[in-house]
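Structural characterization, general
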Amino acid sequence: MHSDKIKEISEELKTLFDDCTKSKLENIKTEYLGKNGKITLLNGLIKDVPNEMKKEFGMQVNALRSEFNEKYEKVKSELEEAEINQKLASEAIDITLPGTNIKNGAPNILEKIVEEIESVFMSMGYDVVDGPEIEEDHYNFELLNIPKGHPARDAQDTFYVKGEDYLLRSQTSPVQARVMLASGGDKPIRMICPGKTYRRDADDATHSHQFMQIEGLLVDKDVSLSDLKGTFDVVVKKLFGESTKTRFRPSYYQFTEPSVETDISCFVCKGKGCSLCKNTGWITVSGAGIVHPNVLKNCGYDPKVWTGFAFGFGAERLAMLKYGINDIRTFYQTDLREVENFDRREA
Ligand code: DAH
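With that settled, the discussion passes to the pairing of strand β10 (residues 307-314). Sheet analysis places strand β6 (residues 210-220) next to β10, joined by eight bridges and oriented antiparallel. Within β10, the residue paired with Asp220 across the bridge is Thr307. Across five bridges, the pairing between strand β9 (residues 282-291) and β10 is antiparallel. Considered in β10, the bridge of Gly289 is made with Ala310.

In this section: the sheet that holds strand β3 (residues 160-162). Paired through their backbone hydrogen bonds, the strands of a sheet run either parallel or antiparallel. As summarised here, the arrangement of the three strands in space is β2-β4-β3, forming an open sheet in which the pairing is antiparallel. Each edge of the open sheet carries a strand with a single partner, namely β2 (134-136) and β3. When the angles between neighbouring strand axes are averaged without regard to direction, this sheet yields 40 degrees. Where β3 and strand β4 (residues 166-168) come together, two bridges link them in antiparallel fashion. Across the sheet, residue Lys162 finds its bridge partner in β4, namely Tyr166.

Turning our eyes to something else, we now look at the packing of aromatic side chains. For the structure on display, the rule yields 13 aromatic pairs. Relative to Tyr126, the ring of Phe121 has its centre 4.9 Å away and its plane inclined at 70 degrees; by these criteria the two rings are edge-to-face. The residues Phe121 and Tyr126 share a single accessibility class, namely buried. Taking 5.6 Å as the distance between ring centres and 70 degrees as the angle between the ring planes, the aromatic pair formed by Phe311 and Phe313 counts as edge-to-face. When its relative accessible area of 2% is taken as the criterion, Phe313 is described as buried. In this structure an aromatic cluster arises from ring pairing among Phe121, Tyr126, Phe232, Phe248, Phe309, Phe311 and Phe313.

Taken in spatial order, the seven strands of this open sheet run β1-β5-β6-β10-β9-β8-β7, and their pairing is mixed. Each having just a single partner strand, β1 (127-128) and β7 (246-253) make up the two edges of the open sheet. Taken together, the two bridges between β1 and strand β5 (residues 189-198) define a ladder with parallel strand orientation. Looking at the pairing, Val128 lines up with Ile192 of β5. Most of the contacts of helix α7 (residues 174-183) go to β5, to which it runs at about 145 degrees, and overall it touches β5, β6 and β10. Contacts from helix α8 (residues 225-240) reach β7, β8 (256-265), β9 and β10, with the element oriented near 120 degrees to β7.

Time to look at the domain arrangement of the protein chain. Domain annotation of the protein chain identifies domain 1 (2-90) and domain 2 (109-342). Centre-to-centre separation of domain 1 and domain 2, based on C-alpha positions: 94 Å.

Around the ligand, a shell composed of 16 residues is seen, among which Gln171, Gln176, Arg199, Gln213 and Glu215 lie nearest. Glu215 is positioned with one of its side-chain polar atoms (N or O) 2.5 Å from an oxygen atom of the ligand. Ala310 is positioned with one of its backbone polar atoms (N or O) 3.2 Å from an oxygen atom of the ligand. Expressed as a share of its isolated accessible area of 350 Å², the protein-covered part of the ligand is 92%. Looking at the shell around the ligand, the elements that each hand over two or more residues are β6, β9 and β10. Among the residues forming the shell around the ligand, the class breakdown is five nonpolar, nine polar and two charged.

As a further point, take the environment of Ile192. Mapped onto the fold, Ile192 is located in strand β5. Overall, Ile192 belongs to the buried group, its relative accessible area being 0%.

In this section: unusual backbone geometry. Cis geometry marks the peptide bond from Glu257 to Pro258, where omega comes out at -5 degrees. Structurally, Pro258 can be placed in strand β8. Phi at Asp222 is positive, roughly 55 degrees, even though this residue is not glycine. When you line up the elements, Asp222 lands in the loop between β6 and α8. When its relative accessible area of 72% is taken as the criterion, Asp222 is described as exposed. A positive phi is found at Asn279, a non-glycine position, where the angle reads about 65 degrees. Locating Asn279 in the fold gives a position in the loop between β8 and β9. According to the relative accessible area criterion, Asn279 is exposed, its value standing at 60%.

Here is what the cut-offs are and how they apply
Residues numbered from 1 in each chain as written. Predicted model: local features only at pLDDT ≥ 70, side-chain atom pairs only at ≥ 80, totals over all residues. Heavy atoms only, no water. Pairing = 2+ DSSP bridges. Helix = DSSP H or I, 4+ residues; strand = E, 2+ residues; numbered from the N terminus. Axes fitted to C-alpha atoms, helices over the stretch in contact; angles between N-to-C directions. Phe/Tyr/Trp six-rings, centres within 6.5 Å; stacked < 30°, edge-to-face > 60°. Buried < 20%, exposed > 50% of the residue type's maximum accessible area, 1.4 Å probe, protein only. Contact = heavy atoms within 4.5 Å. Domains from an automatic or database assignment. Near = heavy atom within 4 Å. Polar contact = N/O pair within 3.5 Å; in protein donor to acceptor, adjacent residues only side chain to side chain. Areas by Shrake-Rupley, 256 points an atom, 1.4 Å probe, with all protein chains shown as cover. Nonpolar A, V, L, I, M, F, W, Y, C, P; charged D, E, K, R; others polar.

What follows is the structure, encoded as structure tokens:
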């Protein structure tokens, strides 16, 4: 009767592991080999088996256990392998798929040109300084020899923000006055100030109510126009190429005497005449001059001892020239197609 039990289990073993899963497998093991497992319990029956059959019975139980274990191990390893294969299949990378396109940023060319100019001037010992964008009339005009009611103010249609005394600076020139006053009237100065400026201009291709100037000031002893010209020569050659020439034309600014417009030889046609230079061979890039004695005096420098030159570049104009941009609004409209184009406009 005990051997019937063995036969019965042996019969079960034949299909026991069919359609097995990993979790079923462990349950089956417990069911047959656990503490109260079907095969385990067979050991307890041996005491009832007649002596001469005990050996035989023991061997049969062992054989059954071995058969179980063998099948169990086989199914277990098959299941594990299937699991690994499935995992590999699901994690497979299709190397033929197109890659993710990561867009590279490019420096804004206005910033870039400002940084270029900064680095040329710094190499000549200039400091780069900052000034407030909301400025006092006093610095923006009065200290610069443009008193209230003076017609020179009309040229700079100004945004006033608080009565008549505060304004959005219409030029970066007030920073000259601030630096001179801070220097105490007894030290030479070399500084540039790039920064935003504002005017009540109607926006069009060449005007923007917000634009950027780069102001420059040098104060020392025996400074002349030829120092200014030599300085400009270095800067424009660096920016527009070694063959670029500089010329001065007489001009008028209230805070410089004499005043000049600085032209550079056209870097496109090399002076022959083209649409960029309107067939003149020259392009105007800045206003400049010898600091007016009144300005020196107003800002604490004795004009009998000190002299200086000053200049103002329009940053957008430089960038427009250098990168062939024909509308100043391009800088402020954040049209990504244009912005993305900038890095390809590298000269
Ligand atoms: N601030 C002047 C402007 O906005 C530009 C300029 C001209 C600045 C001559 C200067 C200078 O420092 O000396 O038109």
